[in-house]
Amino acid sequence: DLYLTIDYNIQFQAEVLLQESNKNIDIESGQIIVLKPGSGRVIALANFPSFDPNTYSRETNFEIFQNSVTQKIFEPGSIFKPFTMAMALEEGKITPETTFVDSGFAKIGPDTVYNFDRKVYGRQTMSGIFEKSINTGAVFLSQSMPNETFFKYVKELGFNEKTEIDLQGEVSSRNEVLKNGPEFGFATASFGQGIEMTPIQLARAFSIFANRGKMPKPYVVGKIIHGEEEFEVKPKLSSPVISEKTASEVTTMLINVVE
């Protein structure tokens, strides 16, 4: 007997939210993961589009059987910016009080990075990079450190390897194109373009901000009972990827975005 970590009510609500998103904004696909950052227990893991397990034989689109949370590699976009900020803070290249002047673009060799909608924000705080989601701000952060350091953190955040979640068929990218690529690749990776991961990798990595810099191993089976034998899964945490201080500073900035 397998006892899952999934909470039925939260799982149901997650699936409802995805269906409402499809109805309201016509999404092609979506995933919702609810994860306890201190242990890795997966409370909800929902995919859209989905299927009815009772009538799965009627499906004609076999892609619908893919678990996109663990089997879909994508470029995360601006949600990656907190990691770039954490790298620069951890390396002592900036402080939360550091400011920079945004001119709306950043030149990297023959190439140019622009902000969304080509906007210009002028002098900004580090928190402002999140609040206004400034691409050139993320480039400013990545250029404060060597490319080798940036890629070291990408590796330590688990983006080059599987999470080893207890679900079959998990995939991952090694981001070799980024590692061996030009300067421009690291500039765009700072705001989540040209770097690949799965949704479960992203959720696991984001746990560092709520879990004092440590990442958990995600799991969906909490307990196994076989006859009279009982095995309870114990949480597994990584060594700190960033310090508690850095985690707290980034968390404060993320709160500022919401407020």
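Now for a quick tour of the structure.

### Concerning the packing of aromatic side chains
Piece 1. Summed over all chains, the structure comprises 13 aromatic pairs.
Piece 2. Relative to Phe159, the ring of Phe83 lies with its centre 5.5 Å away and its plane at 75 degrees, an arrangement referred to as edge-to-face. Within this pair, whereas Phe83 is found in helix H3 (residues 81-90), its partner Phe159 is found in the loop between helix H6 (147-156) and helix H7 (176-179), the two being separated by 76 residues in sequence. Exposure class is identical for Phe83 and Phe159. Each is buried.
Piece 3. Taking 5.4 Å as the distance between ring centres and 80 degrees as the angle between the ring planes, the aromatic pair formed by Phe83 and Phe206 counts as edge-to-face. Linking Phe83 in helix H3 with Phe206 in helix H9 (residues 199-210), this pair joins segments that are 123 residues apart in sequence.
Piece 4. A relative accessible area of 24% places Phe206 in the partly exposed class.
Piece 5. Members of the aromatic cluster, connected to one another through ring pairs, are Phe80, Phe83, Phe150, Phe159, Phe186, Phe206 and Phe209.
Piece 6. When the ring centre of Tyr153 is taken as reference, the NZ or CZ atom of Lys152 above it lies at 4.1 Å.
Piece 7. Positioned over the ring face of Tyr3 is Lys223, at 4.7 Å from the centre of the ring.

### Some words on the side chain of Arg204
Piece 1. Tracing the backbone shows Arg204 in helix H9.
Piece 2. Despite its burial, Arg204 remains without a salt bridge, the nearest opposite charge being carried by Glu161 at 4.6 Å.
Piece 3. Leaving out residues up to four positions away in the same chain, Arg204 has contacts with Leu35, Leu157, Gly158, Glu161, Lys162, Thr163, Met215, Pro216 and Pro218.

### Points about helix H1 (residues 8-25)
Piece 1. End to end, H1 covers 26 Å across 18 residues, agreeing with the expected 26 Å (1.5 Å per residue, within 8%).
Piece 2. Inspection of H1 places Gln11, Ala14, Val16 and Leu18 among the buried residues, and these make up the whole buried set.
Piece 3. Packing partners of the buried residues in H1 comprise strand S2 (30-35) and strand S3 (42-48).
Piece 4. Two or three places before Asn9, at the opening of H1, Asp7 has a side-chain oxygen 3.0 Å from that residue's backbone nitrogen.
Piece 5. In the segment just after H1, Asp26 is the residue with positive phi, at about 55 degrees.

### Quick notes on the nonpolar core
Piece 1. In terms of nonpolar packing, the biggest core is built from 36 residues, with Phe80, Phe83, Met85 and Phe150 touching the most fellow members.
Piece 2. Elements with a minimum of two residues in this core: H3, helix H4 (126-131), H6, helix H8 (183-189), H9 and helix H10 (244-258).
Piece 3. Among the elements that line this core, the one with the most residues is H3, at six residues.
Piece 4. Apart from residues no more than four positions distant in its own chain, Phe150 is found in contact with Phe80, Thr84, Met87, Ser142, Met145, Leu178, Phe186, Ala189 and Ser190.
Piece 5. Listed in part, the eight residues of the second largest apolar core include Leu45, Ile165, Ile200 and Val220.

### A closer look at the side chain of Thr5
Piece 1. Along the chain, Thr5 turns up in the loop between strand S1 (2-4) and H1.
Piece 2. There is a polar contact of 2.6 Å between the side chain of Thr5 and the backbone oxygen of Val42.
Piece 3. Among the polar contacts made by the side chain of Thr5, one reaches the main-chain carbonyl oxygen of Tyr219 at a distance of 3.3 Å.
Piece 4. Each residue touching Thr5, except ones within four places of it in the same chain, is listed here: Arg41, Val42, Ile43, Tyr219, Val220, Val221 and Gly222.

### As for the pairing of strand S4 (residues 99-102)
Every regular strand shows the same layout, with side chains that alternate between the two sheet faces.
Piece 1. Where burial is concerned, the two faces of S4 differ: the one with Phe100 and Asp102 is buried and the one with Thr99 and Val101 is not.
Piece 2. When S4 meets strand S7 (residues 122-125), the two strands line up antiparallel, connected through four bridges. Considered in S7, the bridge of Phe100 is made with Gln124.

So, how was this worked out
Residues numbered from 1 in each chain as written. Predicted model: local features only at pLDDT ≥ 70, side-chain atom pairs only at ≥ 80, totals over all residues. Heavy atoms only, no water. Phe/Tyr/Trp six-rings, centres within 6.5 Å; stacked < 30°, edge-to-face > 60°. Helix = DSSP H or I, 4+ residues; strand = E, 2+ residues; numbered from the N terminus. Buried < 20%, exposed > 50% of the residue type's maximum accessible area, 1.4 Å probe, protein only. Lys NZ or Arg CZ within 6 Å of the ring centre and 35° of its normal. Lys, Arg positive; Asp, Glu negative; His and termini not counted. Salt bridge = Lys/Arg side-chain N within 4 Å of Asp/Glu carboxyl O. Contact = heavy atoms within 4.5 Å. Expected span 1.5 Å × (residues − 1). Polar contact = N/O pair within 3.5 Å; in protein donor to acceptor, adjacent residues only side chain to side chain. Core = buried A, V, L, I, M, F, W, Y, C linked by side-chain atoms within 4.5 Å. Pairing = 2+ DSSP bridges.

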